[in-house]
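Residue-level structure breakdown
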Amino acid sequence: MHKLIQKAVVEHNLSRAELTEILQDDSCKTELFAAADEVRRRYVGDEVHLRGLIEFSNICRNNCCYCGLRRDNRNIKRYRMDEETVCALAEHAVLKMGLKTIVLQSGEDLFYTPEVLCRILRRIKNLDVAVTLSIGEKSLQEYQAYKQAGADRFLLRIETTDKELYLRHDPGMSWEQRRHCLHDLKTAGFELGTGCLVGLPGQTTESYADDILFFKQIGADMIGIGPFIPHPDTPLKTAAGGTLDMALRVMALTRLLLPDINIPATTAMETLAKDGQRQALQSGANVIMPNVTQVDYRRYYDLYPGKSTVGGTPDKALEKVKNLISAIGRQVGTGYGASKHFQKK
Ligand code: 5AD
Ligand code: SF4
């Protein structure tokens, strides 16, 4: 195992069988995490880039079996922020909190037309920040309009590259269409973020290996990996859910194979353990996305249990994250924090 990990550190390449072998071997994880930490330091440095996350609508037309925002969940209060509210939150995040990237995330809510979203984008770009969109599947034309309005980056997780599992857990959605969207986002010129869940019923170490190889093949600039956490108002409420340990392993291997990308220490990791993000930052991650949505909205952005309380109020959450970064001898990023992978292209 030592040899395989060393090979990945040097060559940034492993086969499906090799990835699977490492994922299945419990005894090598300390070495794996240390190797990912070293590769992270060498390729992207000690800076941790912060992104201010605004969850502007929890309305979704999709029905993903794992997600609390799914269309059929009648047990949550739905909200949509208006343009002024979104822009005011962004302004606070940039001018008061000093954040240099704003992430606009929502369910797939068709209420926001390209016209409205482009107007919001132009207003936020006036604050001199990078903007990331995470709003789901759209047409190439629409993606191009967002790019033109100033959006820099786009997050669209593939969730799982295992087609059969994807179709089972994302009823009514098309696996081909999702891949197509990722290619369209590249065509539109976005810095591209994708990623997967870890611990969905039926996922295997082989499918995680395929996920990692897919990230490499598509040339992703950012990869978000989160343990699946069962939500009580979904069909997967009795599922076992993912472990922090396996999510960290998939993340660490992703760092070894895609050394110069951005990798967030995800909120789902912090939800499973109170030092989940610290562990992630020391196993390959170099980004944190503190939530800047006010708590009165945020408690309804209920993708999975425990999510909405991570960190507390926006100002408190930011302080906590900054303390964490300095406690482990790292620094808050001073620039926009584009991925090195993207900058090289
Ligand atoms: N547990 C963990 N992550 C989840 N997501 C959705 N539902 C859950 C859950 N139950 C993730 C998906 C989506 C992202 C915004 O949240 O991967 O892409
Ligand atoms: Fe909607 Fe995203 Fe939740 Fe699926 S994961 S139901 S697309 S918000």
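Everything below is about the structure printed above this text.
A short tour of the structure in this document, coming up. (Residues numbered from 1 in each chain as written. Chains lettered and ligands numbered in written order. Predicted model: local features only at pLDDT ≥ 70, side-chain atom pairs only at ≥ 80, totals over all residues. Heavy atoms only, no water.)

1. A look at the packing of aromatic side chains
A complete count under the given rule lists 5 aromatic pairs for this structure. On the basis of an interplanar angle of 85° and a centroid distance of 5.1 Å, the ring pair of F111 and Y112 is categorised as edge-to-face. The exposure class of Y112 is buried, given its relative accessible area of 4%. For the pair Y143 and F154, a centre-to-centre distance of 5.0 Å together with 70° between the ring planes defines the contact as edge-to-face. Of this pair, Y143 sits in helix α6 (residues 140-148) while F154 is found in strand β5 (residues 153-155), placing the two residues 11 residues apart along the sequence. Residues Y143 and F154 agree in their burial class; the two are buried. One aromatic cluster is present, formed by F56, F111 and Y112 through successive ring pairs. (Phe/Tyr/Trp six-rings, centres within 6.5 Å; stacked < 30°, edge-to-face > 60°. Buried < 20%, exposed > 50% of the residue type's maximum accessible area, 1.4 Å probe, protein only. Helix = DSSP H or I, 4+ residues; strand = E, 2+ residues; numbered from the N terminus.)

2. Considerations on the pattern of salt bridges
By the definition in use, this model includes 24 salt bridges. Taking the shortest distance from any N to any O, the salt bridge between R249 and D26 comes out at 2.5 Å. Placement of the pair is R249 in helix α10 (residues 244-257) and D26 in the loop between α2 (16-24) and α3 (29-44), with a sequence separation of 223 residues. For R249, a relative accessible area of 4% gives the class buried. Its salt-bridge partner being K125, residue D152 comes within 2.9 Å of it at the nearest N-O pair. With a gap of 27 residues between them, D152 in the loop between α6 and β5 and K125 in helix α5 (residues 114-125) connect regions that are remote in the sequence. In this structure D152 comes out as partly exposed when scored by relative accessible area, which is 23%. One salt-bridge network, held together by shared partners, links D26, K29, D245 and R249. (Salt bridge = Lys/Arg side-chain N within 4 Å of Asp/Glu carboxyl O.)

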